[in-house]
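Structural features, examined
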Amino acid sequence: MSAIAGIYNTNNDPISPDNIANILECLSKYPADDIQVWKKENVAFISHTQWITPESVGENLPYYDYERQLAITADAIIDNREELYSRLQIKDIHRTRITDSELILLAYHKWEEEAPKFLIGDFAFVIWDERKQKLFAARDFSGNRTLYFFKDDKRFAFCTAINPLFSLPYVKKALNEEWLAEFLAIPINFESTDALSTVYKDIKQIPPSHSITISGNQIKLKRYCTLLGEEKLRLKTNEEYEEAFREVFQDAVTSKLRTRLKVGAHLSGGLDSGSVASFASKALYKENKKLHTFSYIPINEFEDWSPKSRVANEKPFIKSTVQHVGNIEDNYFDFKEKSPFSEIDQWLDILEMPYKFYENSFWLKGIYEQASKQGMGVLLNGQRGNWTVSWGPALDYQAKLLRSANIGKFIRELHLYSRNLGVKKSRVFPVVAKKIFPKLHSQISSRGTKSYTPLINPDFANKFNVYDKLKKHGVDTRGLLDKSAYEIRDTQFVQPYYWSINGTYTTKLSLNHSLWDRDPTNDLRVVRFCLSVPENQFVQNGQDRSLIRRATKGFLPDNIRLNQRTRGLQGADGIQRMTSDWNLFMNEMELVMKADFVSEYLNTDAINSAMKNLRDNPLPQYVFHDDFRIMMRGLIIYRFMKKFA
């Protein structure tokens, strides 16, 4: 609910008022309901607060507890408030008024550095422990809120955003070339395997699931949350698993509706966002409130090139969900004036770093803008649903059965899955066979297949030995899939770097629009529950994503709930949106090729080849092609380097 910042002079020098003023000036670009500063000797905290929850209205933040001699500034919404009331023995008369930052402070007073383990929600906070003369800071398990910092042998400074730190005279803006090398070499959407680093050499970030302690000149980084290895849940019947799922998921959804403003939700035509909307709508109905949904649809001129298994215009499916669920005010936007090209500069301003997700950039930002205009305080989504609530990869599950020689069950699953999809078993079996040994299949199939052309200059890659480093982390830089769905899922919950980009862009968008993006499918209680459920609950009787399909009976219409044949394809109209700007785009790509710094970092041969292929023939279906990806990512890097570096 805040952009937070602060300075701790570890050499005991007093805090300069000019430094505080400089940070406040940088934060003034974000809307705020209140701005406060707390300062004592060599420590200063800042809170640029947006009042999202009822308890936050008029909140005293930063807050100093004179009895406990603790100060806190926090960017947080805590979801397990009821549990904390009991654990912290908070009296009934205080429960409706106590703020989330006060809960965090009391948790620290009770559990000290173990406190983050007991918190569920989206948070980044910093506490000054005056008695012990130490600073403690933490970021939630998934990195849903950002917290950047600078440290040298005299000072420690932190902030929700990066640029305010550069207002301090001792923080220099220098490019982190090692981070950039990984960013360019990794084909998929995360940036670097070093979750502590950023695009700037002197700016670090607290990784998801981590805390830091500053005592004197010493800094200690600690991981407080690990997820794999959860004890398996053992229930007797499908119905018991379904009921347990509904209970956990409803609690997660309901806890994320807490706002003094309206509640909105991203809504596509799929299971994840539909389930979130359905559970939210029912909870809001009890409070006599409506759910406002926001959906992206392609432009009217869109020529649908998508395959039969994908749906680019999901509006009919969305309408079906809205009509079935009820208590929803639905909104549809084609954002005709926006494109991946038109939004680059604004995204660079928002993120303070280069990015890769240009395909969906125009509608993600557009939905925030529209939701903010309509007075939303919370905007729900189901982004992590594929790995939690709607987990259940049928083909990988069949491969697992076959690999373990469970032939009878494999044959049954293969037969029922083929029947559900309306395809012959002879078409499904070869796909399953390839998944039995994905790495081997990837090596064989890649011999005659064009892999992803790296955007990074080979010499720049060698400078930092980037390919060996990524290989150690299991990152395939060829853009080929040689991991099973199970391995990919494990990586999601083991490696803190994998998911943090979601928290980065939702935090930065929320600061700009006073609107908090919340994902019940990524709630820690939901994640732990889903990781504890046996695999045969997620895939059974030839049905992928089985648990959520069964558990949402009555919550969602059957054409959504039981749909195994098609999936949404968002951003498919990206190139068609750029038709009128295509010459501008290609002309700027010429400038990219001429820039001195570009050849040092980027593979200009790859960019030149992509430009030749697409210059005069920008077919709509090339929106997800490597050539368009190389050009767009190259352009984003070019503009970032011109703008910030």
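Residues numbered from 1 in each chain as written. Predicted model: local features only at pLDDT ≥ 70, side-chain atom pairs only at ≥ 80, totals over all residues. Heavy atoms only, no water.

1. Some words on the sheet that holds strand E16 (residues 328-333)
Strand pairing in a sheet takes place through backbone hydrogen bonds and is either antiparallel or parallel in direction. Pairing in this open sheet of 5 strands is parallel, and the strands run E16-E14-E13-E17-E18 from one edge to the other. Two strands in the sheet have a free side with no partner beyond their single neighbour: E16 and strand E18 (516-518). Taken pair by pair, the neighbouring strands of this sheet meet at an average axis angle of 25°, ignoring direction. Bridge analysis of strand E14 (residues 291-296) against E16 gives 6 bridges, and the strand direction is parallel. Each residue of the ladder has a partner; that of Phe294, found in E16, is Asn331. (Pairing = 2+ DSSP bridges. Helix = DSSP H or I, 4+ residues; strand = E, 2+ residues; numbered from the N terminus. Axes fitted to C-alpha atoms, helices over the stretch in contact; angles between N-to-C directions.)

2. Some details on helix H9 (residues 344-351)
Every buried residue belonging to H9 is among Ile344, Trp347, Leu348, Ile350 and Leu351, and all of these are buried. Each buried residue of H9 sits inside an arc of 165° when the element is viewed along its axis, so together they form one side. Tucked inside the fold, the buried residues of H9 contact helix H10 (358-373), helix H18 (500-513) and helix H27 (626-643). Two residues or fewer past H9, Glu352 is found with a positive phi of approximately 65°. (Buried < 20%, exposed > 50% of the residue type's maximum accessible area, 1.4 Å probe, protein only. Arc of directions from axis to C-beta. Contact = heavy atoms within 4.5 Å.)

3. Side note on the side chain of Glu182
Within the secondary structure, Glu182 is located in helix H5 (residues 177-185). The contacts of Glu182, once residues within four sequence positions are left out, are Glu191, Ser192, Thr193, Asp194, Val466, Lys469 and Leu470.

4. Let's talk about unusual backbone geometry
A cis amide bond, omega 0°, links Leu61 with the succeeding residue Pro62. Examined against the element boundaries, Pro62 turns out to sit in the loop between strand E3 (43-49) and strand E4 (63-65). Despite not being glycine, Asn288 has its phi angle at roughly 60°, a positive value. Looking at where Asn288 falls in the secondary structure, it is placed in the loop between helix H7 (271-286) and E14. Asn288 sits in the exposed class, given a relative accessible area of 73%. Of note in the backbone geometry, Ala405 takes a positive phi value of approximately 65° without being a glycine. Counting through the fold element by element, Ala405 comes out in the loop between helix H11 (394-403) and helix H12 (407-421).

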